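One-letter residues, chain by chain:
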Amino acid sequence: ILPLWWNDIWLNEGFARYMEYISVNATYPKLRVEDYLVDTCFAAIGRDSLNSSRPVSSAAESPTQIAEMFDTVSYNKGACVLHMLRHYLTDQVFQSGIVRYLRRYSYSNAHNQDLWDSLANTCSEEEFTSGEHCYSSRQAAKNAYLYAGEHLDLTTMMNTWTLQTGVPLVTVTRQGSRLLLKQERFLRTAHPSDPAWPSLQQGFLWHIPLTYRTDTSTSIHRHLMTTLTDSVDVGEEVGWVKVNVDMAGYYLVHYGSGWDNLIQLLKDNHTALSFMDRTHLIHNAFQLTTAGRLSLDKALDLIGYLRSESHTVPLLEGLGYLEAFYRMVERRDIPDVTQNLRTYILWYFRDVIDRQTWSDKGSVSERRLRSELLSLACHLGDLPCLKQAQRSFTHWLDSNSTLNLPADVVETVYSVGAQEDTGWASLLQTYTHSLSETHKRKILSALASSRDTNKLTRLLELGVEGEVIRTQDLDSLIVMVARNPRGHHLAWSYVQKYWSTLVDKFQLGSFSIRNIIIGTTAQFSSTEELTEVRVFFESIHEQASQLRVTEVAMDNIQKNILWLQRNLGTLRSWLDQQID
């Protein structure tokens, strides 16, 4: 089934992204891939919480606009909205609706409405009498939906998720036995105290299938929120409430003064919540911190329980934020905070770092943790990590580059080895001869981690020549160099210098051009850098005006600037306390 027009490309791509998880989970449950659906949704929220986002289904007229539709919103948000819908309708209703949709529209075209009609079982009298795919609307009304059995207005509900930009934030406040609810559009670059706030919120309303869990029962409570403010009765005796169970819903939750309660719960008994719920709390807290809605020390206190966390998903979520902060202050060259954060991470996660083996053993989750943790430890200059990586690299060199290193640690080993001239030269040589794409990518990443700017410049030159490093890998290379604290200004200068060459190599709205623009500017966090990027976009106005991604890039820098303004002082004093 293809969409009628490009504006609904999410019907293909969001669906395909979601089915990756469903189908692998059904065939290889041991891989536990559904644990990582949260990453897909977190990426969608990251984009959707910027003012420059777009609706899932939006107009696309020119070839450039059409190319840009193949983005985080179509793929990731599309998948997460379907995930929410499946949980709302129940598996059985969702599946039979999808079967009906596929039978009815196979080898033809469809648009949003056709999917909602198929899922809601409504159809014309004529289709009903042919009896193929449908019930009458009278029959549909009798279907036992989760919500009081009345017939669902699925179209109205789903239009709020596909025709409207953004992601909602639900603020919950306890008042006696009631839980007061308020919804608004969540934005990381704007604050309720900003003069523009009312206009940014104007007209936004979602139909949110809320779920929540409390400490007084094991069941999941459900409530459809269709107004800006609402309330539910949870009972006087309830101690804690966790909203958006297992993060099945595409919305964020702010607990106000209730965060203290949840911080305490995680400290005392974190397994009272599922690992998904723990991951979700970590994500929401740090997103609210970025938006200036929650103080950073609260979010940092929330992950204080991670020492006793045995599940890799929340562990990686918390670690991911600490690493992002580290890379930001490292790039901005703020020595005291950089040093204290390095000390804190290595001290706090010492046990879990020491437990990692330099091998490929374990489940997908365990292997992912090993790979990310050891990479970070070596980047932070952890001595045991550097020594082990250096040993492995020497063995690799001695074997004349034929030794197969464990896949989980090979990139870390290469990156440590690439810091020496001979190591870098050997890796470049191996890159030239290697036949494996995966292997080449890991080597390229290591080469781009060099602290020698001459080597980084040479890599970028090889990229533009297109012989040793092929054109198809050029966008990845530029982004890799940009991630290196020594290379982020280098990569950006390169993009400005070779802009017309890059547009000739890759088309304007292509993934590669978007990857380059976002990847090189995402590192910036000062007003000078924002001005520099704006001036460049103005100089290529004719092309930039066709691209939505230039707005996203500027929003990203603005977000980083605000993060430092709001949180650097708090991070500094929180770390001072911890280090003492």
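Criteria and cut-off values
- Residues numbered from 1 in each chain as written.
- Predicted model: local features only at pLDDT ≥ 70, side-chain atom pairs only at ≥ 80, totals over all residues.
- Heavy atoms only, no water.
- Helix = DSSP H or I, 4+ residues; strand = E, 2+ residues; numbered from the N terminus.
- Polar contact = N/O pair within 3.5 Å; in protein donor to acceptor, adjacent residues only side chain to side chain.
- Axes fitted to C-alpha atoms, helices over the stretch in contact; angles between N-to-C directions.
- Parallel < 35°, antiparallel > 145°, perpendicular 65-115°, else oblique.
- Left-handed = near helix turned anticlockwise from the far one by under 90°.
- Contact = heavy atoms within 4.5 Å.
- Pairing = 2+ DSSP bridges.
- Salt bridge = Lys/Arg side-chain N within 4 Å of Asp/Glu carboxyl O.
- Buried < 20%, exposed > 50% of the residue type's maximum accessible area, 1.4 Å probe, protein only.
- 1 Å grid on protein atoms, 1.4 Å probe; cavity = no way out; pocket = protein on both sides within 12 Å on 5 of 7 lines; lining within 4 Å.
- Points joined across faces, edges and corners; volume = space filled by probe spheres on them.
- Nonpolar A, V, L, I, M, F, W, Y, C, P; charged D, E, K, R; others polar.

*Asks:* Can you tell me about the side chain of Ser359, naming the residues and giving the values?
*Replies:* Secondary-structure assignment places Ser359 in the loop between α16 (350–354) and α17 (364–379). Among the polar contacts made by the side chain of Ser359, one reaches the side chain of Thr357 at a distance of 2.8 Å.

*Asks:* Which residues make up the packing of helix α12 (residues 275–290) against helix α14 (residues 312–331), and what are the values?
*Replies:* A pair of packed helices is captured by two measures, namely the crossing angle of their axes and the spacing between those axes. Interhelical geometry of α12 versus α14 gives an angle of 20° and a closest axis separation of 8 Å. By the angle between their axes, α12 is roughly parallel relative to α14. The hand of the α12/α14 crossing is left-handed. Within the contact between the two elements, α12 uses Phe275, Arg278, Thr279, Ile282, His283, Phe286 and Gln287 and α14 uses Val313, Pro314, Glu317, Gly318, Tyr321 and Phe325.

*Asks:* Tell me about the sheet that holds strand β4 (residues 178–185), residues and numbers included.
*Replies:* Reading across from one edge, β7-β4-β3-β9 is the order of the 4 strands in this open sheet, with mixed pairing throughout. Each of the sheet's edge strands pairs with one partner strand only, and the pair in question is β7 (229–233) and β9 (252–254). Taken pair by pair, the neighbouring strands of this sheet meet at an average axis angle of 30°, ignoring direction. Examined bridge by bridge, strand β3 (residues 168–175) and β4 share 8 bridges and lie antiparallel to one another. Its bridge partner being in β4, Gln175 is matched across the sheet by Arg178.

*Asks:* Give a detailed account of the pattern of salt bridges, specifying residues and quantitative values.
*Replies:* Enumeration according to the criterion identifies 25 salt bridges in this entry. For Asp277, the salt bridge goes to Arg213, with nearest N and O atoms at 3.2 Å. Placement of the pair is Asp277 in helix α12 and Arg213 in strand β5 (residues 208–214), with a sequence separation of 64 residues. For Asp277, a relative accessible area of 0% translates into the label buried. The closest approach of N and O atoms between Glu372 and Arg368, which form a salt bridge, is 3.4 Å. Here Glu372 and its partner Arg368 are both found in helix α17, 4 residues apart, which amounts to about one turn of the helix. A cluster of three or more residues bridged by salt bridges with shared partners is formed by Asp360, Arg367, Arg370 and Asp408.

*Asks:* Describe empty space enclosed by the protein, listing the residues and the values that go with them.
*Replies:* In the structure shown here, the tally under the stated rule is 1 cavity of 30 Å³ or more. The computed volume of the largest cavity comes to approximately 30 Å³. For the largest cavity, the full set of lining residues is Met328, Arg331, Arg332, His488, Gln523, Phe524, Ser525 and Glu529. When the residues that make up the lining of the largest cavity are grouped by side-chain class, the tally is 2 nonpolar, 3 polar and 3 charged.

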